Structure formats: structure tokens, C-alpha cells
Amino acid sequence: MSAPSRPRLLVVGAGLAGASVAWHAAPVASVTVIEQGDHVLAEASAQNAGMLRRLVTNAHERALALRTQARLEEWQRDEHQDWRERPPVRRTGAVIALEHDSPRFAAAVADLRAAGVNVEEPAVAERARIAPALREARLARAYWLPDDGVCDAWSLGQGLLRGAARHGATLVTARRANGLLVRAGRVVGVSTERGEHEADLVVVCAGAWATALAASAGLVRPCVPRARHLFQSSPHPCAAGAHPWCWIDDAGLYLRPEAGGFLLSPCDETDEWPAPGPGSRRPPRDAARELLSEKLLRLLPALGELALASGWVGYRSFTPTREALFGPDPELPGLAWLVGLGGSGVSTCLALGEDTVRALGLG
Ligand SMILES: Cc1cc2nc3c(=O)[nH]c(=O)nc-3n(C[C@H](O)[C@H](O)[C@H](O)COP(=O)(O)OP(=O)(O)OC[C@H]3O[C@@H](n4cnc5c(N)ncnc54)[C@H](O)[C@@H]3O)c2cc1C
């Protein structure tokens, strides 16, 4: 008796979303990943701060982040074969703070504690010991999550693609999907400059470029890119020892220790489309640099004179509800999505990839 044939799955986009879908689907499907750029994991997945954040107000996002982090910890502990050489996670601890007092995180903190996550509320003097950058900071509240950390998105994504390849998945770079191929009311593949690529199922994981692909099949699936800046500072004494990443949530300011200094963002958010094709990273703008300097002076006196050495603009993509769109398209058979990972794609990509593949009836 011949073995049942595996469905041909075409994943469009090799960022964290596409890599996670490929990794979860490859054991049960014949997977091909096409990526428009010469390199994988080179767009939003290379532009992020890599903070694994679980203390978020959205309950669904929190559940996804809890599952993703549990998976990463398990793989780290068991030395999973796809990441043995380069484990992607580093535990730094995290401080999530509020400039003005509010119950914003009350439910989320209770939920995390119920899930066994250690969330403390250190006294003011203790905060500066945990995170020297917070010395003399006027913060109404600060939550300390000693088990949180950062993730090297590149090694996470490379491991996912390596694992997919182990199960026979094929990766094709420098291959752009120009449009979805629709025949008899069903998506049957994509068109590319090298001809048509047919598949039983197309999963669009195209990040900031997803809306255009939807439009090619007459669908309205808005996934709006929003530009955000990150700056790297020069080395700073506060970052000399171990330092957690810190996020002053209501003020919109975060930092993580990096290269002897800090990687920082003023949490700006501007709607704009990247140019067609790969290479969305942009040089920083003066307005964002000024915004960051102003926030540092006001909120973190210990870092007031921080020198910002370099920076870039990256694109986080959001659906109108700011929740990821995943699973089969509601209108068009043969089409599925994992897009709109917003500002939490590193923190949630494993759970979302798994849920996407499950929703397709493959997991
Ligand atoms: C400044 C910044 C800071 C961030 N910080 C964090 C953080 O600290 N923690 C966190 O959890 N998340 C963070 N994020 C979010 C996270 O990086 C994203 O959610 C995640 O990388 C999105 O992955 P993706 O695969 O959807 O998109 P991408 O990484 O952009 O991948 C999409 C891929 O699809 C390809 N593609 C697009 N169209 C086509 C086509 N037509 N044909 C073929 N290929 C195509 C693109 O070239 C690209 O490689 C941050 C993002 C930014 C920009």
C-alpha cells in the first residue's frame, strides 16, 4: 500500500513567522519556503530588540508568549538538536515599569503568578540594585521578572529553518511571490518572476508586504507596517555588569544591555509602507533621536548623558485589531496566514507557528 501523500505547503517569507510555520509543518507536509531577499531572517526579524516579554495586557498575546518561552526553556535544557550550537536565549531578567500609577498590569500579573511566573514588586531602593539604569528614576511602579530574558532572533530562526530542512523542507531565496494564483475559486500557488509555483496550500508569512499579496487575489487583509526606531548607545558604566532589560510601558521607553551599552527605543510608531522588495531597514531620523533623548532625561537621570552611537528604523506589522492573523483564510480556500505579529513576534512566534499549522489540520 502506498503511503498517503504529504500536502505541498508553500510558505511565503522566511522571517520568524515563516520559519516557525515551516518548522512545525515540515514533519507532516512537503514544505517549500520562498524568500524575496538574498538572505533569510533579514527584515523585521533582524531589526528587533529580542526581548521575550510575557507581562502584557492582552491575554491571548500573554498565553502565546508563555507557551513560546516554555518551549525555548525546554529546548535550552534538553539541548535541542536544532539549537545545540547556538542556544538562542539569554536570561537577563526584566523590569516593566509605569511612570504613572495605574492598574494596567494588575490582571496580567495575577495571571502570570497563577501560571508560576515569578513577578516581584521591589521597593524603590531595590530597583536600582536590580537595574542600575533605574537609579533616581521617578517611577510609580516597577515589576521585576527575574526569569525573563532576551532571544537572538537570528539563531532562533536559523534553528527553525535547520529543523524544517531536517524533515525535507526546501528553502529558495531571492524568489519573490508577485501574486497569489487563483483558479476556480481556490489559491493554487503563487506567481514569481521565474514562473508559477504551485502548491496545495499557500501560507503567507510576508510581514510588512502581506497586504499587497492579499490584494493580488482581491482580498482586503490589512496588515499595516509601523516604523519604530532602535538606537545603540556607546558603552556606559550602568551596563557594565549584569543588567535586565527595562521597559517603562506607559511612557514608551525601553532598553536592553548590549555591547557594553544599551539598545534603546523611544517606542515611536509611524504608519508607512516599506518599498517593494527586500531591504526595509532604514537609517534613523533626527526626530526619533530627539524623542529618545528627551525621554531619557525625564525618566532615567542615570542615563541622561548617554551617547547614541548608531540606530535604525524597523517595521512592525499590525492587523486592525493588533492581534496576529493566523490559520486558513476565511474566504479563499488554499490560502492561509501568519502575519501581523506586531511588536511581539520574537516572544510569540513558536506558539503562533504551532497554532497556524494546527488550524490547517496538519499539527
Ligand atoms: C524595532 C523593532 C523592535 C522589536 N522588538 C521586539 C522585541 O523586543 N520582542 C519581540 O517579541 N518582538 C519584537 N519585534 C517584533 C518582531 O521582530 C516581529 O514581530 C517579527 O520579526 C515579525 O516576523 P515576520 O516573519 O512576520 O516578519 P519579517 O521578519 O519581516 O519576515 C517577513 C519575510 O517575508 C519576506 N517577504 C515579504 N513579501 C514577500 C514576497 N512577496 N515573496 C517572498 N518573500 C516575501 C520578507 O522579505 C521577509 O523576510 C520588534 C520589531 C521591530 C521592527
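Described in the following lines is the structure provided in the data block. (Residues numbered from 1 in each chain as written. Predicted model: local features only at pLDDT ≥ 70, side-chain atom pairs only at ≥ 80, totals over all residues. Heavy atoms only, no water.)

1. Some words on the sheet that holds strand β10 (residues 186–192)
- Judged by pairing direction, the sheet is antiparallel, and its three strands sit side by side in the order β9-β10-β11 without closing on themselves. Looking at the sheet topology across the chains shown, the edges are occupied by β9 (177–183) and β11 (195–198). Going from strand to strand, the sheet's axes swing by 35° on average, the running direction of each strand aside.
- Looking at chain direction, β9 and β10 are connected through six bridges and run antiparallel. Residue pairing for β10: Gly179 is matched across the bridge by Ser191. (Pairing = 2+ DSSP bridges. Helix = DSSP H or I, 4+ residues; strand = E, 2+ residues; numbered from the N terminus. Axes fitted to C-alpha atoms, helices over the stretch in contact; angles between N-to-C directions.)

2. Some details on the packing of aromatic side chains
- Overall, the coordinates contain six aromatic pairs when judged by the stated rule.
- Between Phe105 and Tyr143 the ring centres are 6.0 Å apart and the planes differ by 85°, which places this aromatic pair in the edge-to-face class. Placement of Phe105 in the loop between β5 (94–98) and α3 (106–114) and of Tyr143 in strand β6 (residues 141–145) is noted, with a sequence separation of 38 residues between them. In this pair, the class of Phe105 matches that of Tyr143, namely buried.
- Put simply, the rings of Trp23, Trp75 and Trp83 pair up and form one aromatic cluster. (Phe/Tyr/Trp six-rings, centres within 6.5 Å; stacked < 30°, edge-to-face > 60°. Buried < 20%, exposed > 50% of the residue type's maximum accessible area, 1.4 Å probe, protein only.)

3. Examining the site of the ligand
- Taken together, 38 residues lie near the ligand, and Glu35, Ser45, Ala177, Gly342 and Ser347 sit nearest.
- Gly342 places a main-chain nitrogen or oxygen 2.9 Å from an oxygen atom of the ligand.
- The contact in question runs from an oxygen atom of the ligand to an N or O atom on the side chain of Ser347, over 2.8 Å.
- For the ligand, whose unbound accessible area comes to 1,000 Å², protein coverage reaches 97%.
- Of all elements in the fold, only α1 (16–25), β13 (224–233), β18 (308–318) and α8 (345–359) reach the threshold of two or more residues within the shell around the ligand.
- Both domains that meet at the shell around the ligand, namely domain 1 (1–91 + 149–223 + 319–363) and domain 2 (94–147 + 225–315), each give it at least three residues. (Near = heavy atom within 4 Å. Polar contact = N/O pair within 3.5 Å; in protein donor to acceptor, adjacent residues only side chain to side chain. Areas by Shrake-Rupley, 256 points an atom, 1.4 Å probe, with all protein chains shown as cover. Domains from an automatic or database assignment.)

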